Amino acid sequence: MKDLSFDALVIGGGAAGMAAALELAEAGFSCALLEREGSLGGVLMQCLHNGFGLIEFKEELTGPEFAQRLEEKILASGVTLFLSTTVLEMETVSSPHRLTCASPEHGMMRLNARALILAMGCREKNRGNLRIPGSRPAGVYTAGLAQRLVNIDGFLPGREAVIIGSGDIGLIMARRLSWSDCVVKAVIEIQAFPSGLPRNVAQCLEDFNIPLRLSHATTRILGKDRVSGVEIAPLENGFPNMDKAQIISCDTILLSVGLVPENEISRQAGILLNPMTGGAQVDARLMTSAAGVFACGNALHVHDLVDYATEEARRAGAWAAAWLRGDRAPPSIRLVSGPNVRYLCPTRAELGRKNKIYLRPLIVKSEVKLEVKLNGSVVESINKRHVRPSEMLWLELDPARYGHFEGEAELEIGLS
């Protein structure tokens, strides 16, 4: 078995993993990047639509173009690549950390490093998460799988489709299927508002006259060997009104009901996970409960834009480099989610420097105040014209302006 050592290891070769590895290489540390697929880029390679890169590269790119920009830098950086490589086990109790991996080219390997970065991305929720009654006919796909079938493999999943859930991948696939001569009968959303970005609702549904049924539950999937239809009912007082239920005939169902950070290997290694995000619990420097192990991108929390995941990964790479140099985190302030905020990431902020904090709203509302409270007193208030759960917010937080504290201080960030 090969036994190799590096300063740092990055798990995941998508945008976040590549950005983190680049930071480490530019800081002068040896770094290996592990990717289970045969090429870099992750899910970006099947996202043929544009809209990527406006923040990171200041121009509009497709998913593969965005990935190519980072891959070109990786290939010129000296980062060691292990493609088609699966991490079987991660040991983080002592330093150096160790990964046990397998690949067709190298066989079984042990890779050792003082710093690890988790950038495994996320996965889609499936029918098992929803518990929709009915049989198990062919023709039920997650939206991401259907996207891969159409854009990479060249297969059309069906001719008449219903999309359950209004996540961005589902909205984009509604447009993609329409372009491919597949009739999209409707998009069904159990919430009273869309889960996807407003621009995708406009460009992918409204421009193609595809109905969006808000506040509707999917109560049954019909069909024996192949999907023949789906039963939906409007929600009234929080429950489906079966007297108003209707059946929409279709031969294909796409599920676009949310994403979950990919952290099975983290859980097995004993790394503490945040129950609100599904990603690791991290401090102000994006370090997990295991010393020297950092997390970023969709493996940490699900981002709206790959640009945000890339920016966050660069910071994770920079903090990992600081860790390797012996720089340890100073005292920090605890952050807590206030009213109408689902989660904050990270959940601590360092004294004496600016901290970038991401937060996910729980409400759809115009003219909102984002308030930062120190031990119950408002110390900062920011006006927001409109907030919605489908759009993540962020703010630059500078605890140094709030003075010095004795004992444990707490900053609450909420929306009102």
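Throughout, residues of each chain are indexed from 1 in the direction in which the sequence is written. Whole-chain, interface and lining totals are the exception, using all residues; otherwise, since this is a predicted model, local features are given only for residues with pLDDT of at least 70 and side-chain atom pairs are given and counted only at 80 or more. Side-chain measures here rest on the full set of heavy atoms in the structure, leaving out hydrogens and waters.

Draft legend 1. Up close: a nonpolar patch on the surface. Patch membership requires more than 30% relative accessible area and the absence of a salt bridge. Residues of like charge join within 9 Å; the nonpolar side chains Val, Leu, Ile, Met, Phe, Trp and Tyr join within 5 Å. Using a 1.4 Å probe, the Shrake-Rupley method yields the accessible areas, and only the shown protein chains count as cover for residues. Basic side-chain nitrogens of Lys or Arg form a salt bridge, by our definition, when they fall within 4 Å of a carboxyl oxygen of Asp or Glu. Among the surface-exposed residues, Met1, Leu88 and Met108 lie close enough to one another that they form a single nonpolar patch of about 300 Å² accessible area. With respect to the helices, strands and loops of the structure, Met108 is situated in strand β8 (residues 107–118). Only runs of H or I of at least four residues qualify as helices and only runs of E of at least two qualify as strands under DSSP, and these elements are numbered from the N terminus.

Draft legend 2. The arrangement of the sheet that holds strand β26 (residues 377–387) in detail. When DSSP finds at least two bridges between two strands, those strands are taken to pair. With mixed pairing, five strands are arranged side by side in an open sheet as β23-β21-β28-β25-β26. Strand pairing shows two members of the sheet lacking a second neighbour, β23 (348–350) and β26, which therefore form its edges. Here the strands of the sheet are splayed against their neighbours by 25° on average, with no regard to which way each runs. Here strand β21 (residues 332–337) pairs with β23 via three bridges, running antiparallel. Within β23, the residue paired with Ile333 across the bridge is Ala349. Helix axes are fitted to C-alpha atoms over the stretch in contact, other axes to C-alpha atoms as well, and angles between N-to-C directions run from 0 to 180 degrees.

Draft legend 3. Highlighting the pattern of salt bridges. By the definition in use, this model includes 17 salt bridges. In this structure, the salt-bridge partner of Glu236 is Lys244, at a minimum N-O distance of 2.8 Å. Note that Arg388 and Glu391 form a salt bridge whose closest N and O atoms lie 2.2 Å from each other. Note on classification: 1.4 Å probe, protein chains only; a residue is buried when its accessible area is under 20% of the maximum for its type, exposed when over 50%, partly exposed between these limits. Taking the relative accessible area as the measure of exposure, Glu391 reaches 28% and is therefore partly exposed.

Draft legend 4. View of the sheet that holds strand β18 (residues 252–255). Across the sheet, five strands lie side by side as β10-β18-β11-β12-β13; this open sheet has parallel pairing. Of all strands in the sheet, those with a lone pairing partner are β10 (140–142) and β13 (212–213), marking the two edges. Where β10 lies against β18, three bridges are found, and the strand directions are parallel. Bridging across to β18, Thr142 finds its partner in Leu255. In the packing of helix α4 (residues 143–153) onto the sheet, the strands contacted are β10 and β18, and the crossing angle to β10 comes to about 90°. For this analysis, residues touch if any pair of their heavy atoms sits within 4.5 Å.

Draft legend 5. Up close: the packing of helix α1 (residues 15–26) against helix α2 (residues 63–75). Across the interface, α1 lies against α2 with an axial gap of 10 Å and an inter-helix angle of 30°. When the interaxial angle is binned, α1 and α2 end up roughly parallel. Remark: the crossing between α1 and α2 carries left-handed chirality. Residues Ala15, Met18, Ala21 and Leu22 of α1 lie in contact with α2, whose contacting residues are Phe66, Ala67, Leu70, Glu71, Lys73 and Ile74. Each residue gets one label: Ala, Val, Leu, Ile, Met, Phe, Trp, Tyr, Cys and Pro are nonpolar, Asp, Glu, Lys and Arg are charged, and the others, such as Gly, are polar. Taken together, the residues that form the contact of α1 with α2 break down as eight nonpolar, no polar and two charged. Angles below 35 degrees are treated as roughly parallel, those above 145 as roughly antiparallel, those between 65 and 115 as roughly perpendicular, and all remaining angles as oblique. Helix crossings get a hand from a simple test, with the near helix turned counterclockwise from the far one by less than a right angle marking a left-handed crossing and a clockwise turn marking a right-handed one.

Draft legend 6. Structural detail: the packing of α1 against helix α8 (residues 306–324). One way to put it is that α1 packs onto α8 with a least axis distance of 7 Å and a crossing angle of 35°. Where α1 crosses over α8, the two elements pack in a sense that is right-handed. Residue-level contacts link Ala15, Ala16, Ala19, Ala20, Glu23 and Leu24 of α1 to Val306, Ala309, Thr310, Ala313, Arg314, Gly317, Ala318, Ala320, Ala321 and Leu324 of α8. Tallied by class, the residues present in the contact of α1 with α8 amount to twelve nonpolar, two polar and two charged.

Draft legend 7. Inspection of the nonpolar core at higher detail. Among the buried residues, those of types Ala, Val, Leu, Ile, Met, Phe, Trp, Tyr and Cys that are joined through side-chain atoms within 4.5 Å form a nonpolar core. Judged by nonpolar contacts, the single largest core of 73 residues is most densely connected at Leu9, Leu24, Leu34, Phe66, Met90 and Leu99. Examining the composition of this core, we find that ten residues originate from one element, α8, more than from any other. Residues contacting Leu9, with those up to four places away along its chain left out, are Ala32, Leu34, Leu99, Leu111, Asn112, Ala113, Ala115, Leu116 and Ile117. Core analysis: the second largest hydrophobic core is formed by 21 residues, Leu335, Ile363, Tyr402 and Leu411 among them.

Draft legend 8. How the structure looks around the packing of aromatic side chains. Aromatic pairing here means that ring centres of Phe, Tyr or Trp (its six-membered ring) are within 6.5 Å. Orientation follows from the plane angle: under 30 degrees is stacked, over 60 is edge-to-face, and everything else is tilted. With the rule as written, the count across this model stands at four aromatic pairs. Between the aromatic rings of Tyr308 and Tyr358, the centroid separation amounts to 5.9 Å while the plane-to-plane angle is 50°, which identifies the pairing as tilted. Of this pair, Tyr308 sits in helix α8 while Tyr358 sits in strand β24 (residues 355–361); the two residues are 50 residues apart in sequence, bridging distant segments of the chain. The pair formed by Tyr308 and Tyr358 is uniform in burial state, with each residue classed as buried.

Draft legend 9. Structural detail: α8. With 19 residues, α8 extends 27 Å from end C-alpha to end C-alpha; this agrees with the ideal 27 Å at 1.5 Å per step. In terms of residue burial, α8 counts as a mostly covered element, since 17 of its 19 residues are buried. Where α8 ends, the next residue or the one after it, Gly326, has phi of about 95°, a positive value. To estimate how far a helix should reach, multiply one less than its number of residues by 1.5 Å.

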